[in-house]
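Close look at the chain arrangement
Given next are the chains, with one letter for each unit.
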Amino acid sequence: MEIGQLQQKIGARVRTLRESKGISQQNLAAICNFEKANLSRLEAGRTNPTVSTLYKISQALEISLSDIVDIDD
């Protein structure tokens, strides 16, 4: 799997998990102290998130970090 594909899969996973919790991009970004545009780029797979960024998201969504990176190849 290429890096770009991995970024897209992780972004899609974040979006799916966020939506399953009924949280808007704006609210999640605020909880994580991110700009909404940055979260939007992450969910679109246009950025390579750091582990600390993914950890902040997992904490905000009250899930484990492994839930975010648990993607199918």
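It should be emphasised that the depicted structure is a prediction, and the values quoted were computed from it without experimental measurement. (Residues numbered from 1 in each chain as written. Predicted model: local features only at pLDDT ≥ 70, side-chain atom pairs only at ≥ 80, totals over all residues. Heavy atoms only, no water.)

**Topic: the overall build of the protein**
What counts, and what does not: The helix and strand labels rest on DSSP assignments: H or I over at least four residues marks a helix, E over at least two residues marks a strand, and numbering proceeds from the N terminus. Only C-alpha atoms enter the radius of gyration, while the globule expectation follows 2.2 Å times N to the 0.38, with N the number of residues.
Regarding its fold elements, the protein presents 5 helices and 0 strands. What you see in the protein, going N to C, is helices and strands ordered as α-α-α-α-α. Over its C-alpha trace the protein gives a radius of gyration of 11 Å, about what one expects of a compact globule, namely 11 Å for 73 residues. Principal-axis analysis of the C-alpha atoms places the extent of the protein at approximately 30 × 25 × 20 Å.

**Some points on the nonpolar core**
Rules: Throughout, nonpolar core names a set of buried Ala, Val, Leu, Ile, Met, Phe, Trp, Tyr and Cys residues whose side chains join them through atoms within 4.5 Å. Working definition: with a 1.4 Å probe on protein chains only, accessible area under 20% of the residue-type maximum means buried, over 50% means exposed, and in between means partly exposed.
Membership of the largest hydrophobic core comes to 17 residues, with the highest contact counts inside it found for V14, L28, I57, L61 and I68. When contributions to this core are tallied by element, the ones reaching two or more residues are α1 (3–20), α2 (25–32), α3 (36–43) and α4 (51–61). Here this core takes 4 residues from α4, the largest share from any one element.

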